Amino acid sequence: MSDILIVDDERDIRELISDILEDEGFTTRLAGNSDEAMAQIEAERPGLLILDIWLKDSKMDGIDILKAVKRDYPEVPVVIISGHGNIEIAVAAIKQGAYDFIEKPFNIDQLLVVIRRGMETSRLRRENIALKQQGTAPSEMLGESPAFRTLLGQLDKVTKSNGRVMLSGPPGAGKELAARYIHANSARASGPFVCVGCASIEPDRMEEVLFGREGEEAGVVPGLLEEANGGVIYFDEVADMPLGTQSKILRVLVDQTFLRVGGSDKVQVDLRVISSTSRDLETEIAAERFRRELYHRLNVVPIKVPSLEDRREDIPALAEHFIAALNRDQGLPLRHLGEEAGALLQTMRWPGNVRQLRNVIERVLILGEGTGEITAREMPGETAAPAEEGRVVLSGTVATMPLREAREAFEREYLMTQINRFGGNISRTAEFVGMERSALHRKLKSLGVVTGAKGASGETTDQSASVTG
């Protein structure tokens, strides 16, 4: 669904258009009559259809094909071309759902502008259809760690209201999944969930994508705000929204109306707005890159989505979930995560968060050593074939220490790793390392590790580690 189907009864015209588009990096297919066109469409839906109105020696003309495509494949944009064009034909085509109308002989630059816009529209529609098809079942929210339970409790509270929610957290932590969870468990669950990737839309196209456009020749092309009517619109990475668009979105939030680009009649919508950011919006406001008024409108209920390192206890369950999902969706081996492999995953750094974990699991399944249990040696950074069973390779720093200092350094690092692994839970750490809880407390104190009540930061300063919330 990423190519362009060109339908024209004149061979020279369709090949000329094809050559132009392929020079611009597009992939094309060609059809010379209605039978060929419908066969091509049924074999594989195109990303966009360029369609001549008049087709010689065909059972259907361009308008008939347009009606059939809009009935069966409404997400496919159709650009009408004709050498016999007039305003009546253009209006008729637009009324039947055509994306745009171009008259022969056409200007190449004009054609390319229309094609690029149409293909972007096609991509956005496919992405939102895919989001709707993925579903947002509560079972997709996995975890038992304190940080996750806190998040889930906050999400459950906001599902009962219609208030605007601002989700903050590092990239890859699962902010979009949290937004979809709110939608799926709210009174708007039967309505659409429309995702706006603020960072992925060209700034000069943002308003047309959001608000749609209208005009005498182009007719009415709805934007994402209209597609979200009755449901939820999710602004992903809202800090990337252009300043000019921010002021117009602010007006939408105030009265739930807007004007399409080129239009004069107000469009009324009923929307719930959820936003997300991985940036500090107060810093963006101070730098005059984000409007303070919009921030206060969007930040009615702020919810922090924890990083994966803040919920290490959940890593094995998430890994097993990804193994099952990759088996179902890609046919990768359905393997079990070994205990040592799970423990190792819990000790690793995860700057890319849940998204990085999924990538690691996919890589292990693709490059893995079979169909049995996933072992620790298959994890990134592990030596594939250790020189000697049970041997520990010392770092340069530890190797130069006297035995007593090296032992203390190892014990301190090992125990801090386990405390972080179990989210600061001393009881579970003691059980895993095989010590009584009181003995573990004494050992930590002797090593200069100061324990708190809520979690573990894993930071070490002047040979003392702070375990804090």
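Residues numbered from 1 in each chain as written. Predicted model: local features only at pLDDT ≥ 70, side-chain atom pairs only at ≥ 80, totals over all residues. Heavy atoms only, no water.

Overview of the sheet that holds strand β6 (residues 165–168)
Phase 1: Strands sit in the order β7-β10-β13-β6-β14 across an open sheet of five strands; the sheet is parallel. Because the sheet does not close on itself, it has two edges, and the strands there are β7 (193–197) and β14 (301–304). The mean angle between the axes of side-by-side strands here comes to 20 degrees, regardless of whether they run parallel or antiparallel.
Phase 2: In this sheet, strand β13 (residues 272–277) lies alongside strand β10 (residues 232–236) in parallel orientation, the contact comprising four bridges. Within the sheet, the bridge partner assigned to V232 lies in β13 and is R272. (Pairing = 2+ DSSP bridges. Helix = DSSP H or I, 4+ residues; strand = E, 2+ residues; numbered from the N terminus. Axes fitted to C-alpha atoms, helices over the stretch in contact; angles between N-to-C directions.)

Some points on the sheet that holds strand β2 (residues 28–31)
Phase 1: Strand order across the open sheet formed by five strands is β2-β1-β3-β4-β5, with parallel pairing between neighbours. A single partner strand is all that each edge strand has here, and the edge strands are β2 and β5 (100–103). The average angle at which neighbouring strand axes cross in this sheet is 20 degrees, direction not considered.
Phase 2: Summarising the sheet, strand β3 (residues 48–52) and strand β4 (residues 78–82) pair through four bridges and their orientation is parallel. Directly across from L49, in β4, lies its bridge partner V78.
Phase 3: Its contacts with the sheet place helix α1 (residues 11–23) against β1 (4–7), β2, β3 and β4, and it is angled at close to 175 degrees to β2.
Phase 4: Lying over the sheet, helix α3 (residues 62–72) contacts β3 and β4, oriented at roughly 160 degrees with respect to β3. (Contact = heavy atoms within 4.5 Å.)

A few points about the packing of helix α18 (residues 426–433) against helix α19 (residues 437–446)
Phase 1: Closest axis-to-axis distance for the α18/α19 pair is 9 Å, and the angle between their directions is 95 degrees. The orientation of α18 relative to α19 falls into the category roughly perpendicular. Residue-level contacts link I426, S427, T429 and A430 of α18 to R437, L440, H441 and L444 of α19. (Parallel < 35°, antiparallel > 145°, perpendicular 65-115°, else oblique.)

Description of the side chain of R164
Phase 1: Summarising the element assignment, R164 is placed in the loop between α6 (146–158) and β6.
Phase 2: In this structure R164 is buried but unpaired, with D255 as the nearest side chain of opposite charge at 9.1 Å.
Phase 3: Polar side-chain contacts of R164 include one of 2.8 Å to the backbone oxygen of L253. (Buried < 20%, exposed > 50% of the residue type's maximum accessible area, 1.4 Å probe, protein only. Lys, Arg positive; Asp, Glu negative; His and termini not counted. Salt bridge = Lys/Arg side-chain N within 4 Å of Asp/Glu carboxyl O. Polar contact = N/O pair within 3.5 Å; in protein donor to acceptor, adjacent residues only side chain to side chain.)

Concerning the side chain of D8
Phase 1: Assignment of secondary structure puts D8 in the loop between β1 and α1.
Phase 2: Polar contacts involving the side chain of D8 include one to the main-chain amide nitrogen of E10, which spans 2.8 Å.

Describing unusual backbone geometry
Phase 1: At Q256, a position not held by glycine, the phi torsion is positive, near 55 degrees.
Phase 2: Along the chain, Q256 turns up in the loop between α10 (243–255) and β11 (257–259).
Phase 3: A positive phi angle, near 60 degrees, is found at E288, a position not held by glycine.
Phase 4: When you line up the elements, E288 lands in the loop between α11 (281–286) and α12 (292–298).

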